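Structure at a glance
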Amino acid sequence: MLPFYELIIDDSKESGVDFNSLVEYPAHQKNFIAFNKDEKRYYFNEEKKIVFGVMMAANLPIFRNNPYDHYVVFKPETISQIRTKFHKLGFKDNVNAEHNKEVKGVRMIKSYILTDLNLLPEAFKKQNINIGSWLAAYKVDSPAIWSKIKKGEFNGFSVEGWFEKKELQLKKNK
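Let me sum up the structure you'll find in this document. (Residues numbered from 1 in each chain as written. Predicted model: local features only at pLDDT ≥ 70, side-chain atom pairs only at ≥ 80, totals over all residues. Heavy atoms only, no water.)

Things to note about the overall build of the protein
When helices and strands are counted, the protein shows three helices and 11 strands. Secondary structure elements of the protein, listed N to C terminal, follow the sequence β-β-β-β-β-α-β-β-β-α-β-α-β-β. Taking 16 Å as the expected radius of gyration for a compact globule of 174 residues, we find that the protein reaches 16 Å, a close match to that expectation. Taking the principal axes of the C-alpha coordinates as reference, the protein spans close to 50 × 35 × 30 Å. Scored against the burial criterion, the 174 residues of the protein give a buried share of 43%. Residue pairs at least 24 apart in sequence account for 75% of intrachain contacts in the protein once pairs closer than 6 positions are excluded. In the form shown here, the protein has an accessible surface area of approximately 10,100 Å², with 48% of it arising from carbon and sulfur atoms. Computed over 28 positive and 22 negative side-chain charges, the separation of the two mean positions in the protein equals 3 Å. (Helix = DSSP H or I, 4+ residues; strand = E, 2+ residues; numbered from the N terminus. Rg over C-alpha atoms; globule rule 2.2 N^0.38 Å. Buried < 20%, exposed > 50% of the residue type's maximum accessible area, 1.4 Å probe, protein only. Contact = heavy atoms within 4.5 Å. Areas by Shrake-Rupley, 256 points an atom, 1.4 Å probe, with all protein chains shown as cover. Lys, Arg positive; Asp, Glu negative; His and termini not counted. Charge placed at Lys NZ, Arg CZ, Asp CG, Glu CD.)

Side note on the sheet that holds strand β9 (residues 134–140)
Sheet architecture is open: three strands sit in the order β3-β9-β8, paired in antiparallel fashion. Edge strands, defined here as strands with exactly one partner in the open sheet, are β3 (50–56) and β8 (106–113). Pairwise comparison of adjacent strand axes, ignoring direction, gives a mean angle of 25° for this sheet. Inspection of the sheet shows β3 paired to β9 by six bridges, in the antiparallel sense. Residue pairing across strands places Gly 53 opposite Ala 136, the latter belonging to β9. With respect to the sheet, helix α1 (residues 76–88) is in contact with β3, β8 and β9, its orientation differing from that of β8 by roughly 145°. (Pairing = 2+ DSSP bridges. Axes fitted to C-alpha atoms, helices over the stretch in contact; angles between N-to-C directions.)

A look at the packing of aromatic side chains
Here the distance between the centres and the angle between the planes together describe a pair of aromatic rings. All told, the structure shown has nine aromatic pairs when counted by the stated rule. Between Phe 63 and Tyr 71, the aromatic rings sit 5.7 Å apart at their centres with planes inclined by 70°, giving edge-to-face as the arrangement. Within the aromatic cluster, the residues linked to one another by ring pairs are Phe 4, Phe 63 and Tyr 71. Positioned over the ring face of Tyr 5 is Lys 165, at 5.1 Å from the centre of the ring. (Phe/Tyr/Trp six-rings, centres within 6.5 Å; stacked < 30°, edge-to-face > 60°. Lys NZ or Arg CZ within 6 Å of the ring centre and 35° of its normal.)

Points about the nonpolar core
Core analysis: the biggest nonpolar cluster contains 32 residues, and Val 51, Met 55, Met 56, Trp 134, Tyr 138, Ile 145 and Ile 149 have the highest contact counts within it. At four residues, β9 tops the list of elements feeding residues into this core. The contacts of Met 56, once residues within four sequence positions are left out, are Val 17, Phe 74, Ile 79, Ile 82, Ser 133, Trp 134 and Val 159. If you look at the next biggest cluster of nonpolar residues, it comprises 11 residues, including Val 54, Leu 114, Phe 124 and Ala 137. (Core = buried A, V, L, I, M, F, W, Y, C linked by side-chain atoms within 4.5 Å.)

Let's talk about unusual backbone geometry
Of note, the bond from Asn 66 into Pro 67 is cis; its omega dihedral lies within 30 degrees of zero at 5°. Its location among the elements puts Pro 67 in the loop between β4 (62–64) and β5 (70–73). Unusually for a residue other than glycine, Gln 29 sits at a positive phi of about 60°. Relative to the helices and strands, Gln 29 is located in the loop between β2 (16–23) and β3. Since its relative accessible area comes to 67%, Gln 29 is described here as exposed. Positioned with a positive phi, Lys 49 is a non-glycine residue whose angle comes to about 55°. Position of Lys 49 among the secondary structure elements: in the loop between β2 and β3. On the basis of relative accessible area, Lys 49 is assigned to the partly exposed category, the value being 31%.

In C-alpha cells:
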C-alpha cells in the first residue's frame with residue numbers, strides 16, 4: 001500500500017500557495033466547468049471570457065510520484081488556511097502556464113470555499129466536489145490564453161506552492 005500524506009502549511013513559514021497554474025491535466029481531475037452539457041470545452045462564459053474551476057479539492061487523494069509513489073490529501077481546514085494566506089499575501093493574480101511560464105492578462109475575480117453542495121452548478125455536481133474545496137473564477141483578457149482554453153490546451157487549475165507533509169495512518173482491512 002502506498003503511503004498517504006496530509007499536506008499542511010505553517011503561517012509563520014514560507015509555505016502555502018503562491019501561484020495558480022492553467023494546466024491541461026489537473027492533478028485533482030476537476031476540469032473547468034461548462035454550463036451547457038453539450039459543450040466540449042470547459043469555459044462558462046465565452047462572451048466575458050471567464051473560466052471557473054477547482055483550485056484545491058478537499059479530502060481527495062492525489063497521486064504523486066516525486067521522488068517516490070505516494071498520495072497527498074488536503075483537509076478542508078488546511079485549504080481554508082491556504083486560501084486566506086494566498087489572498088493576504090496578494091497572490092490572487094499570480095498565474096502561470098503548466099507550472100512554467102508566468103502569464104499576464106488573467107486575473108482572479110472570485111474565490112471561495114465550498115460550504116454547501118446545493119450551491120454548486122449542476123455541471124460540477126458530476127465531478128464529485130467535496131465540501132471544503134477551493135473554487136475560483138478568472139477573467140481571461142489575453143487572446144492567446146483564451147484560445148488555448150478553447151482548444152483544450154488548458155482544462156483546469158493546479159495550485160503551486162510549498163507544503164509540509166504529515167503521514168496519515170490508514171486503517172487496513174484484511
